[in-house]
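# Architecture at a glance
Below are the chains, spelled out letter by letter.
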Amino acid sequence: MCTVVIEVGAGGSSRLLAVRDEDPMREWDALGPWWPEQHPRVIGIRDRRAGGAWLAADPETRRLAVLLNRADVLGLPEDQVLSRGGIVLESVAGRSPSTADGALRTHGFNLLEVTPTGARVLSWDGSTLRETAVPPGVHMIAHDDLDDPDTARIARWLPAFRERVGGDAPWPGAWLDLLAETAELDPADDRAIIRDNRPHGYPTQSLLFCLADVSSDGIEIRDETLPRPGHWLS
């Protein structure tokens with residue numbers, strides 16, 4: 001139940017804030033070059049168990065991708081389902097997911113792909129792969145569609161992000177100030193962005209956030225681990 005806020009400029013350059021929710025017991029590695037043989041230029045947040053990435057970027061090609069889980073209708077047995085982490089690495093290598101050669105063998109996802117010319121979301125529900133262009137402006141995505149008004153955290157916070165972080169708002173200070181404000185909610189509140197999803201039946205909690213700026217001049221990216229799962233920096 002991760003969350004991403006993205007601002008796409010009129011010329012295609014983008015800035016984003018991505019919050020990762022995961023089981024704290026599932027080991028992971030902070031931003032780094034974890035794939036020197038297969039993807040020597042790529043840096044990202046690595047999932048140790050499956051070896052893939054939650055978020056990754058190639059500074060040379062200025063491509064960035066981040067993956068958010070979503071519900072699906074996949075009918076495969078679990079021992080035949082592939083990890084979603086490889087999708088992110090393939091994406092920043094220029095190989096986006098496709099159903100041209102048959103159905104994808106992963107659970108559902110939203111894959112946000114960002115380049116210096118714009119951004120798009122590829123959504124897989126176990127049956128259909130859809131593409132949604134991200135238009136200029138400030139947008140949010142979580143476990144359902146882009147700017148989904150039925151997602152409580154988007155309904156609550158998208159207007160605030162559009163009002164306070166668009167255009168000439170200080171980067172990244174204004175974004176982090178607003179994220180801190182969202183964290184005043186109880187992390188189990190369905191409107192929260194810094195989350196504890198255990199009361200909702202999932203073992204995941206917010207563990208870290210990434211800030212990234214993608215333009216024709218390059219990629220700037222940083223990550224920060226939260227001091228306690230599901231709690232803000234203070």
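Quick note: structure is the one above.
Owing to the predicted nature of the structure, the values given are computational and were not obtained by experimental measurement.

As summarised here, the arrangement of the five strands in space is β10-β1-β2-β11-β12, forming an open sheet in which the pairing is antiparallel. The open sheet terminates on both sides in strands that have one partner only, identified here as β10 (137-141) and β12 (218-225). Across the sheet, the mean angle from the axis of one strand to that of its neighbour is 15°, orientation sign disregarded. The sheet contact formed by strand β1 (residues 3-8) and β10 spans five bridges and is antiparallel. Across the sheet, residue I6 finds its bridge partner in β10, namely H139.

Here a ring pair, both rings aromatic, is described through the centre-centre distance and the interplanar angle of the planes. Here the structure, examined in full by the defined rule, presents two aromatic pairs. For the pair W171 and W175, a centre-to-centre distance of 5.0 Å together with 90° between the ring planes defines the contact as edge-to-face. The exposure class of W171 is partly exposed, given its relative accessible area of 26%. Owing to a relative accessible area of 0%, W175 belongs among the buried residues under this scheme. Residue placement shows R156 over the ring face of W157; its charged tip is 3.8 Å from the ring centre.

Within the fold, S123 resides in strand β8 (residues 118-124). On the basis of relative accessible area, S123 is assigned to the buried category, the value being 5%. In terms of polar contacts, S123 uses its side chain to reach the side chain of N110, at 2.7 Å. Beyond its immediate sequence surroundings of up to four residues, S123 is in contact with R70, F109, N110, T128, L129 and R130.

If you trace the seven strands from one edge of the open sheet to the other, you get β3-β4-β5-β6-β7-β8-β9, paired in antiparallel fashion. Both edges of this open sheet fall to β3 (28-32) and β9 (129-134), since each of them pairs with a single strand only. Each adjacent strand pair in this sheet contributes to an overall mean axis angle of 15°, direction not counted. Across seven bridges, the pairing between strand β7 (residues 109-115) and β8 is antiparallel. Along β8, the bridge assignment pairs T115 with G118. In the packing of helix α1 (residues 85-92) onto the sheet, the strands contacted are β5 (53-58), β6 (63-69) and β7, and the crossing angle to β5 comes to about 10°.

The next thing to look at is the pattern of salt bridges. Overall, the coordinates contain 20 salt bridges when judged by the stated rule. We note a salt bridge from R48 to D29, for which the minimum N-O separation is 2.8 Å. Taken together, the positions of R48 in the loop between β4 (43-47) and β5 and D29 in strand β3 put the pair 19 residues apart, joining distant regions of the chain. Between E90 and R95 there is a salt bridge, and its shortest N-O distance comes to 2.6 Å. On the accessibility criterion, E90 (30% relative accessible area) is partly exposed. Its relative accessible area of 45% is what places R95 among the partly exposed residues. Within the structure, one salt-bridge network assembled from shared partners comprises E27, D29, R46 and R48.

Criteria and cut-off values
- Residues numbered from 1 in each chain as written.
- Predicted model: local features only at pLDDT ≥ 70, side-chain atom pairs only at ≥ 80, totals over all residues.
- Heavy atoms only, no water.
- Pairing = 2+ DSSP bridges.
- Helix = DSSP H or I, 4+ residues; strand = E, 2+ residues; numbered from the N terminus.
- Axes fitted to C-alpha atoms, helices over the stretch in contact; angles between N-to-C directions.
- Phe/Tyr/Trp six-rings, centres within 6.5 Å; stacked < 30°, edge-to-face > 60°.
- Buried < 20%, exposed > 50% of the residue type's maximum accessible area, 1.4 Å probe, protein only.
- Lys NZ or Arg CZ within 6 Å of the ring centre and 35° of its normal.
- Polar contact = N/O pair within 3.5 Å; in protein donor to acceptor, adjacent residues only side chain to side chain.
- Contact = heavy atoms within 4.5 Å.
- Salt bridge = Lys/Arg side-chain N within 4 Å of Asp/Glu carboxyl O.

Honestly, it's all geometry; don't read function into it.
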